[in-house]
Amino acid sequence: IRGGGAAPVLPARFVGGAAFYGTRRWWALAGAGQDSGNGWLLGLRLEEYLIAAAGAGEHRFHYQIELPEGIGKVRDAGDYLEFLQAPGDRPVLRFHYPVARDRAGQERKGKASLSAAQGVQDRSPSSLPVYLLRARTLEIAAWVDLSGLAPPVLIDPGWSSTGTMATTREAPGSAQ
């Protein structure tokens, strides 16, 4: 994943489970997670945090994602985009729309759009919009309106895995 423009998303400084890029932008795991020891964060949800400049009217993000074979659709669930894997259109990854929070506790949800995708008719009961991907590289543009929010404003888009647990919760030798 590349984020924030053309520069690769590589940590400039890795401290206490967070990857920092200067003083106003960092990535951290939400919930249980771990540092792999080589600069990678491992976990089910990865949050990106940005502190907006005072007086900013809108903040925009751009991500360029190289998708593996089998990911052919993206579903818009309203608060996040779900990357669907064939066969069966099983969700495997989510991009959570940015949320801005100001010092007074006000909160505002952002929006997102896709490039290299075209809308297709979703025949599921939920009738959520589904986009067929036309290429292995997908670009996501996300933005949030900051007007009227009291600085400092923290902006938080995130990524989460929809994978299942790799190990059972039952103790060894117990009946299942």
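Here's a quick rundown of the structure. This is a predicted model, so every value here is computed, not measured.

1. Points about unusual backbone geometry
Then, in step 1: The omega angle of the peptide bond from alanine 86 to proline 87 is -5°, so this bond is cis rather than trans.
Then, in step 2: Checked against the element boundaries, proline 87 lands in the loop between β10 (80–85) and β11 (90–101).
Then, in step 3: The phi dihedral of aspartate 89 is positive, around 50°, even though this residue is not glycine.
Then, in step 4: As for its position among the elements, aspartate 89 is in the loop between β10 and β11.
Then, in step 5: According to the relative accessible area criterion, aspartate 89 is partly exposed, its value standing at 30%.

2. Quick look at the side chain of histidine 96
Then, in step 1: Take histidine 96: it is sitting in strand β11.
Then, in step 2: Since its relative accessible area comes to 11%, histidine 96 is described here as buried.
Then, in step 3: Here serine 160 takes part through its side chain, which lies 2.7 Å from a polar atom of the side chain of histidine 96.

3. Structural notes on the nonpolar core
Then, in step 1: The biggest cluster of nonpolar side chains holds 28 residues, and the ones touching the most others in it are Tyr63, Phe83, Phe95, Ile140, Leu146, Ile155 and Trp159.
Then, in step 2: The set of elements that each furnish at least two residues to this core consists of β7 (45–52), β8 (58–66), β9 (71–76), β10, β11, β16 (137–145) and β17 (153–161).
Then, in step 3: With 4 residues, β16 is the largest single contributor of residues to this core.

4. Considering the environment of leucine 128
Then, in step 1: Note that leucine 128 resides in the loop between β14 (117–120) and β15 (130–133).
Then, in step 2: Classification of leucine 128 by relative accessible area gives partly exposed; the value is 25%.
Then, in step 3: Once the C-alpha coordinates of leucine 128 and alanine 77 are considered, the two residues, 51 residues apart in sequence, prove to be 6.2 Å apart.

Cut-offs used in this document
- Residues numbered from 1 in each chain as written.
- Predicted model: local features only at pLDDT ≥ 70, side-chain atom pairs only at ≥ 80, totals over all residues.
- Heavy atoms only, no water.
- Helix = DSSP H or I, 4+ residues; strand = E, 2+ residues; numbered from the N terminus.
- Buried < 20%, exposed > 50% of the residue type's maximum accessible area, 1.4 Å probe, protein only.
- Polar contact = N/O pair within 3.5 Å; in protein donor to acceptor, adjacent residues only side chain to side chain.
- Core = buried A, V, L, I, M, F, W, Y, C linked by side-chain atoms within 4.5 Å.

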